[in-house]
Amino acid sequence: MKKFKLVVAAFVLAGLTLTSCSSDDNSTSTPASIVGKWNPTKTLVKTNATPEAEIPYEQSVNGCDKDYVRFVEAGNAFNRVLHAKNPDTGACVESPATPTVWAKNDSQLTIASGQYEGTYEITVLNNSELRIKKVNVDGDITTTTTRIFEKAN
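Residues numbered from 1 in each chain as written. Predicted model: local features only at pLDDT ≥ 70, side-chain atom pairs only at ≥ 80, totals over all residues. Heavy atoms only, no water.

Trainee: What exactly am I supposed to notice about the packing of aromatic side chains here?
Mentor: How two aromatic rings sit relative to each other is set out by the distance from centre to centre and by the angle between their planes. Under the definition given, this model contains 4 aromatic pairs. Plain terms: the ring middles of F71 and F78 are 4.9 Å apart, the flat faces sit at 55° to each other, and that makes the pair tilted. Note on accessibility: F71 and F78 belong to one class, buried. Between F78 and Y116, the ring centres sit 6.0 Å apart and the planes meet at 85°, which makes this aromatic pair edge-to-face. One end of the pair, F78, is in strand β4 (residues 77-81); the other, Y116, is in the loop between β8 (108-111) and β9 (118-125), and 38 residues separate them in sequence. Judged by its relative accessible area of 4%, F78 falls in the buried class. A network of ring pairs unites the aromatic residues F71, F78, W102, Y116 and F149 as a single cluster. The residue whose ring lies beneath K37 is Y68, and the NZ or CZ to ring-centre distance is 4.2 Å. (Phe/Tyr/Trp six-rings, centres within 6.5 Å; stacked < 30°, edge-to-face > 60°. Buried < 20%, exposed > 50% of the residue type's maximum accessible area, 1.4 Å probe, protein only. Helix = DSSP H or I, 4+ residues; strand = E, 2+ residues; numbered from the N terminus. Lys NZ or Arg CZ within 6 Å of the ring centre and 35° of its normal.)

Printed below as a string of structure tokens:
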């Protein structure tokens with residue numbers, strides 16, 4: 001009977017020793033980086049108590065590469081690149097990018113100028129999606145704008 005109790009105790013101790021928490025398993029993973037090319041996909045806009053409106057990004061020109069924004073780490077340059085067709089040749093051309101400066105601090109993103117100028121909260125950042133949210137209060141009107149991007153290939 002003593003041997004049986006020792007064997008059971010040994011199994012219980014072994015089971016407790018080999019059990020680990022799942023939160024420990026991923027402690028060395030690195031967060032996704034904002035650096036790279038991102039294609040705009042849609043914008044969500046909500047004003048006060050109105051339902052949220054979804055506006056798909058439809059400015060990319062058919063037959064050309066998708067428009068994109070690029071976060072460059074060196075010098076923290078931010079570019080918005082649009083594509084168009086040359087009216088004479090029909091060839092797709094990229095607009096000249098006008099770089100501006102960006103800064104990221106935890107979940108806060110600041111873009112210095114251009115269409116995306118402002119301070120945003122990063123609500124999603126992973127290897128496939130970026131969501132940035134900006135809240136603007138003007139008197140009694142609060143507008144929340146969420147811009148959604150997908151990682152470009």
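Trainee: Could you clarify how one ought to interpret the side chain of T43 in this entry?
Mentor: With respect to the secondary-structure elements, T43 resides in strand β1 (residues 36-47). For T43, a relative accessible area of 17% corresponds to the buried category. Setting aside chain neighbours within four positions, we find T43 in contact with A53, E54, I55, T145, T146 and R147. (Contact = heavy atoms within 4.5 Å.)

Trainee: Got a minute to help me understand the nonpolar core in this structure?
Mentor: Side chains that are nonpolar tend, in soluble globular proteins, to be buried together. Counting 14 residues, the largest nonpolar core has I34, F71, L109, I111 and L130 as the members making the most contacts within it. Only β3 (68-72), β8, β9 and β10 (129-138) provide two or more residues apiece to this core. L109 has contacts with I34, F71, W102, A103, G118, T119, Y120, I122 and I132, leaving out every residue within four places of it along the chain. (Core = buried A, V, L, I, M, F, W, Y, C linked by side-chain atoms within 4.5 Å.)

By themselves these figures say nothing about function.
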